[in-house]
Amino acid sequence: MRISPDELVFWRWGYVVLNSTIVTTWALMLVMTVGAKLITRKLKTEGDISRRQGFLEIVVTTIRMQIKEVGLQHPEKHLGFIGTLFLFIAVSNLCAILPWYEPPTGSLSTTSALAIAVFVAVLLFGVEEQGLGGYLRSYLKPTFIMLPFNVISELSRTFALAIRLFGNIMSGTLIVGILLTIAPLFFPIFMNLLGLLTGMVQAYIFSILATVYIAAATRTRET
Amino acid sequence: MDSMTLIAIVSIITTGVTIAVGSIAPALGEGRAVSTALSSLAQQPDAATTITRTLFVGLAMIESIAIYCLVISMILIFANPFWNHVISQAAGK
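As the structure is a prediction and not an experimental result, all values here were calculated from the model.

## Considerations on the overall build of chain A
Logical step 1: When helices and strands are tallied, chain A shows six helices and two strands.
Logical step 2: Seen in sequence order, chain A has helices and strands lined up from the N terminus as β-β-α-α-α-α-α-α.
Logical step 3: C-alpha extents for chain A along the principal axes are approximately 65 × 55 × 40 Å.
Logical step 4: Out of the 223 residues belonging to chain A, those deemed buried represent 27%.

In structure tokens form, the structure reads like this:
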């Protein structure tokens, strides 16, 4: 019983390993990029908008509104990063309905990479907003005794992001696999449905938490 | 009782106990969170979107604790390093 798509190796040469996670991730990236490029070839601002352009507009406007509601004043600066997080995790979890597909977010490598990207983004956005000294000084608030606790909380937030997404998606696929050997007629379908729902919720949670962390780091403090 | 049997017994029992005990507190916490959110929704229906979004974020954070326990249980059953080590030793003999 495979616990992670990392173990399905297609091709290996020395230390270079081509496993199912990498292949699926690149395939998803290709499909999303090419699809978006095809839809946005002829953007119209007035008149009859095609349905696909309308769909993409809904997605982008909703993400932008959510970012603004969490508290980031200029959502356009962060729309690229947070929108990419949400779309990649959502599409990779939603495609679990396809046969022989294993979501790459069910591998600890992918979720750790995404969590580390959020950690670096919080750092970069915080430094951009407050300057290097100001951002480092924010670790000393409210008193300088809190420095180790702030650092530990920063690291454990990253760890929790990775483990939360990995645990949800991995357990969803594992439950379906186990149920296929126990009660294969109807229950795997219901568990697959539940897996789709939790996949979308986890994509939303990941991006909202990233937004909250970035907002906490870029909030200009009144001293 | 040799070490192989002992590792198997302890892994299986620990798996069951981990996920059983580890889901008590998150379930109670989530129930309390949802009930408070429902009562505040009844008091202020205009803030429904904010309350719902905060509720979902809070539920995800509470759920993470149960997910940590689940991950440990899964690792103990399916990717147990001690069991793999002992099995490879037994196969090598």
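## Side note on the overall build of chain B
Logical step 1: Counting its secondary structure elements, chain B contains four helices and zero strands.
Logical step 2: Computed over the C-alpha atoms, the radius of gyration of chain B is 21 Å, more than 25% above the 12 Å expected from 2.2 N^0.38 for a compact globule of 93 residues.
Logical step 3: Principal-axis analysis of the C-alpha atoms places the extent of chain B at approximately 70 × 20 × 10 Å.
Logical step 4: Per-residue burial for chain B yields a buried fraction of 9% across its 93 residues.

## A look at unusual backbone geometry
Logical step 1: Backbone geometry places Trp100 of chain A, a non-glycine residue, at a positive phi of 60°.
Logical step 2: Secondary-structure assignment places Trp100 of chain A in the loop between helix H3 (75-94) and helix H4 (108-137).

## Points about the environment of Asn80 of chain B
Logical step 1: Here Asn80 of chain B shows up in the loop between helix H3 (48-78) and helix H4 (81-92).
Logical step 2: Among all residues touching Asn80 of chain B, those that are not within four sequence positions of it are Ser11 and Ile75 of chain B.

## Considering the interface of chain B and chain A
One frequently used descriptor of interface size is the decrease in accessible area upon assembly of the parts.
Logical step 1: Each partner contributes to the interface: chain B provides eleven residues, whereas chain A provides 13 residues.
Logical step 2: A class-by-class count of the residues in the side of chain B that touches chain A yields ten nonpolar, one polar and no charged.

## Quick word on the pairing of strand E2 (residues 16-19) of chain A
Residues and elements named next belong to chain A.
Logical step 1: Bridging between strand E1 (residues 9-13) and E2 involves four bridges; their strand directions are antiparallel. Its bridge partner being in E2, Trp13 is matched across the sheet by Val16.
Logical step 2: What sits between the antiparallel neighbours E1 and E2 is a turn of two residues, in which Gly14 has the positive phi angle 65°.

## Here's the deal with the confidence of the model for chain B
Logical step 1: Predicted confidence across chain B gives a mean pLDDT of 92, with 100% of residues reaching 70 or more.
Logical step 2: With pTM at 0.89, the complex prediction returns an ipTM value of 0.83.

## Concerning H3 of chain B
Logical step 1: In a regular helix each residue adds 1.5 Å, so 31 residues correspond to 45 Å; H3 of chain B covers 42 Å between its end C-alpha atoms and thus fits that length.
Logical step 2: At Ile65 of chain B, H3 of chain B shows its maximal bend, which comes to roughly 30°.
Logical step 3: When we look at burial in H3 of chain B, the residues that qualify are Ala60, Glu63, Ile67, Cys69, Leu70, Val71, Ser73 and Leu76 of chain B.
Logical step 4: Of the surrounding elements, those touching the buried residues of H3 of chain B are helix H5 (147-182) and helix H6 (187-218) of chain A together with helix H1 (3-22) and helix H2 (24-43) of chain B.

## Brief notes about the nonpolar core
Residue and element names in this part refer to chain A.
Logical step 1: Core analysis: the biggest nonpolar cluster contains 32 residues, and Leu85, Ile89, Phe206 and Ala210 have the highest contact counts within it.
Logical step 2: Going through the elements one at a time, helix H2 (51-70), H3, H4, H5 and H6 are the ones with two or more residues in this core.
Logical step 3: A total of nine residues in this core trace back to one element, the largest contributor, which is H6.

## Side note on the packing of H2 of chain B against H3 of chain B
All names here are of chain B.
Logical step 1: Running from N to C, H2 and H3 point in directions that differ by 175°, and their axes come no closer than 9 Å. When the axes of H2 and H3 are compared, the pair comes out roughly antiparallel. Contact residues: Pro26, Gly29, Glu30, Ala33, Val34, Ala37, Ser40 and Leu41 in H2; Ala48, Ile51, Leu55, Gly58, Leu59, Ile62, Glu63, Ile65 and Ala66 in H3.
Logical step 2: Considered class by class, the residues forming the contact of H2 with H3 number twelve nonpolar, three polar and two charged.

Rules used throughout
Residues numbered from 1 in each chain as written. Chains lettered and ligands numbered in written order. Predicted model: local features only at pLDDT ≥ 70, side-chain atom pairs only at ≥ 80, totals over all residues. Helix = DSSP H or I, 4+ residues; strand = E, 2+ residues; numbered from the N terminus. Buried ≥ 20, exposed ≤ 12 C-beta atoms within 10 Å, placed from the backbone. Rg over C-alpha atoms; globule rule 2.2 N^0.38 Å. Contact = placed C-beta atoms within 7 Å. Nonpolar A, V, L, I, M, F, W, Y, C, P; charged D, E, K, R; others polar. Pairing = 2+ DSSP bridges. pLDDT = per-residue confidence, 0-100. Expected span 1.5 Å × (residues − 1). Bend = angle between axes of the 7 residues up to and from the residue. Core = buried A, V, L, I, M, F, W, Y, C linked by C-beta atoms within 7 Å. Axes fitted to C-alpha atoms, helices over the stretch in contact; angles between N-to-C directions. Parallel < 35°, antiparallel > 145°, perpendicular 65-115°, else oblique.

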